[in-house]
Amino acid sequence: MKTKSIRALVVLLSFVGLAGCAGSVSEPEGTGGPLGIDPKTGLPILGDDDAPAGRSYKAFGGGTLGSDRISGAAGEEMKRVKPYSALVGEYARVLGKTPALLPTFAATFSEPPARWFFEPEASAVSVFSAYRAAFQGCLDLTATDAAYATAPTPTTAATECGKFASRFWTRTAGSAEIDVCVNVATVQTQPETDFRRKWAYTCAAVLTSAGFLSF
Amino acid sequence: MSRRHHISRRSLIQGAAAAAGLSTVAGSSLFNRAFAQAIPEKPVLLVIHLGTFGGYNSVFNSADSFTAAGDFGAAAGNITNLGNGLVVDTATLGSMPDFAKTHMASIGMRHEQFQHEAAQRAVWGDGTNNFGIRLASVMGGDAAIKCALMGDTTPGDFPKSPVGGVSLQQIRDMGPTIAALGGGAVDPLTPNRDIAAGGLTAAQQMSGDSITKNPVLLGTVKEGYATSIETLKKPVRTFNLAALQSAYGIGTSTTVNGFGSKMAAAELMVEAGANVIIATDGGDWDTHDDNNGARARRSMARIMPSINTFVGRTSAFADRNVVTVIMAEFNRSIPNSNHNSGMTATVVGKYVKTGTTGKTSAAANLPPSAPKPVAFWSYLATVLKSPTNPFGANPHNLVL
C-alpha cells in the first residue's frame, strides 16, 4: 500500500514536471548575426537575442529561467591562472628543466593541500616570484647557445623574441608584442653588461607574460 | 609658498635638534616627549576575522551581560572590569598586554542579517566596495602593497575588487614576500630590480590582450603586474625574519597558513608600510549549540597568544599607530549559540578610549538603535587618524 502511494506520487510529480517544462519551451533565440566586431577584443559582439542555440524556459513564477544568466561576449573569460601543479610541468616543458627556485614558491603559487582544490589567483608576490623563476630558468636556457653570445640588436632581438613567444605561449607573437620584447632586449637591459644575462632578462619577460602564466 | 615651506622645514629641524640636544644634556622628559610626538605615525589596521563562516561570541567582550544566567560559561570569577563599562573575559581578552587593556573598546553594530554570507557582506562592504580596501585607499602612505590578505583564506562571502586603485594582495609566504620587497639575499640568480621592473612592465604589456578578454578570471594577474612593478620601484626594505619566526613561535617556516604565521606576516606587513591587513582564522567559530561557550573559548585560547605577541610588539613601534580588530560577521545568540543580528567587535589601538558601545543584553542582543557596520568603519578611520574618512560621521565616542 505504501509502495503504491509512493509510485503514484512519483508519476504525478513527473507529469507536473513535464508540464512545467514541455509546455513552456519557447523558440530558440538568436536569429541574427553578430552586431559587429568589438574593436577592443576583435571578437564578434552578440546582442541579447543572438545567443547561439539558446532556449528560454518559462519558470513557474512567470519569469524565465535564464533571466539571471550572465551575458558576455563570446570568447571572453576563457582563461585561468595556471595552478602550481601545472606550472611545475610547464616550466620544464618550455625550458627543458624546472627552475630550482620553483619548489620554494609552492605556497606563493597557492598550492592547495592534498585532495583540495583552490582556483589559483595571482598576486604581486606571485608575479615577481614567477619572474624570478623565469629569470633563473632563462639563465640556463641562454647559457650556451651561440645566438646569445652577442649583444641583442633590434634584428636579432626580434628573431629571438619570436622564438621565445612561440616556445612559451604556443602561438605566434604579434608585431606589437615583438616590439615590446625587443625594447626589453635593447633598452631595458642596458644596465646589464653580460650579453647572456641581457637575453635571459628578455626571455624572462616573455615567460612571465599571461601567455605562459595562464591557459 | 616655497618660503613658508623652507621656514617650516628649518624650524622643524632646529626644534628637533634642540629637543634632542637638551634631552641628552638635561634628561628632560618634556623635551623627550615633544620630540617623540614629532615623529609622524603611520596608521595601520589589522582586522582578524574569526572563521570563513564563523561568529564572535560576545561573552568575550561583553562578559558581564551573561554572568547572571551563566550563559556561555560566564561567571563573576572569570570576568575582568577594564573600566568605563567594558567588562571582558579574563582568560582571553583579559590576558592581553597592559597597553591593550588600557586602550580597548567593544564596538557594536547591527546589520539585521542572520545568514553567514549576507552578514559578511554587511560587515565588510556596501554591496559594491570592500570597506577595508576602501579604507586602505584613503589612508595615504607610499607602500606599493596597501591592502594585504594574510594567506589565502577570506570570509566566505568577501568582496575583493580593487577600490580607488588599491587591490587586495595575498601574502602566502614571507620568504618570497621579503624578496619582492627587496630584503632577500642577493646572488647571481637575483634579477636587478630596475631591469625586473622593466621586464614586468613588458610582460604586462604583452599580456594586455589576455587581460582585456578575461577581466574577471585574470583580474588578479592584472593587479599582480601593477603592484609588483610598483613594489620594485620602491626603496628596498630589510626585515629580520628570524626575529619574527622566533617571536611567533613558528620555527623556521615562512609559509603563511596557521594563525601564528598569519600574525607574524601581519607584523611583517606593518613594517612594510601596508595600510590595512586582513587575517581570517579558519578554525572552529561557527559554534552552534555551544551553550557553555567551551568551543568558542578553546578557539580563542588557541589564537590569543599570537594576538598578544602582535599587539605587544607593534604597540612599541613609535612610528606606527597600529589598530587591531577582532570581529566576525555576527555574535552568537541565546539559546544554542546560533546566529545573531549584529556584532560586537573588539578594537585595540593607541587612540582607542577604553569603553563599550557594544554591550549586549542578557539574551546577547544589541539594542535596535545600535549603529550600522559602516559606522564601525568610520570609528576605525577615526582612531587610525586616517587623513580621510569615507564612511560618514562616527557615532562611537571612544576616541582618545
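Definitions and limits used
Residues numbered from 1 in each chain as written. Chains lettered and ligands numbered in written order. Predicted model: local features only at pLDDT ≥ 70, side-chain atom pairs only at ≥ 80, totals over all residues. Helix = DSSP H or I, 4+ residues; strand = E, 2+ residues; numbered from the N terminus. Rg over C-alpha atoms; globule rule 2.2 N^0.38 Å. Contact = placed C-beta atoms within 7 Å. pLDDT = per-residue confidence, 0-100. Expected span 1.5 Å × (residues − 1). Buried ≥ 20, exposed ≤ 12 C-beta atoms within 10 Å, placed from the backbone. Pairing = 2+ DSSP bridges.

Caption draft 1: Spatial organisation of the overall build of chain B. Per the secondary structure count, chain B includes 13 helices and ten strands. Relative to the compact-globule value of 21 Å for 400 residues, chain B shows a C-alpha radius of gyration of 22 Å, a close match. Projected onto the principal axes, the alpha-carbon positions of chain B cover approximately 65 × 65 × 45 Å. Sequence separation of at least 24 residues holds for 72% of the intrachain contacts in chain B that already meet a minimum separation of 6.

Caption draft 2: How the structure looks around the confidence of the model for chain A. For chain A, per-residue confidence averages 83 on the pLDDT scale, and 79% of positions sit at 70 or higher. Considering only residues more than four positions removed or in separate chains, one finds that residues 13-31 of chain A, a stretch of pLDDT under 50, has 22 contacts.

Caption draft 3: Here's a closer look at helix α7 (residues 193-206) of chain B. Taking 1.5 Å of rise per residue, the 14 residues of α7 of chain B would be expected to cover 20 Å, and the 19 Å separating its terminal C-alpha atoms lies within 8% of that figure. Within α7 of chain B, eleven of the 14 residues are buried, leaving the element largely enclosed by the surrounding structure. Burial in α7 of chain B covers these residues: I195, A196, A197, G198, G199, L200, T201, A202, A203, Q204 and M206 of chain B. For α7 of chain B, the elements touching its buried residues are α3 (124-141), α5 (175-188), α6 (195-207) and α7 (210-213) of chain A together with α9 (219-233) of chain B.

Caption draft 4: Quick peek at the pairing of strand β1 (residues 42-50) of chain B. All names here are of chain B. With nine of nine residues buried, β1 lies mostly within the body of the structure. By the alternation rule, side chains of β1 split into K42, V44, L46, I48 and L50 and P43, L45, V47 and H49, which are all buried. Two strands pair when backbone bridges link them, and β1 and strand β7 (residues 276-281) are joined in this way by six bridges, in the parallel orientation. Its bridge partner lying in β7, L45 is registered against V276.

Caption draft 5: Seen up close, unusual backbone geometry. Residues and elements named next belong to chain B. At the junction of I334 and P335, the peptide bond is cis and its omega measures out at 0° in the coordinates. Take P335: it is sitting in the loop between β8 (320-327) and β9 (342-348). Phi angles above zero are rare outside glycine, and F72 is one such case at about 55°. Of note, F72 is situated in the loop between β1 and β2 (79-83).

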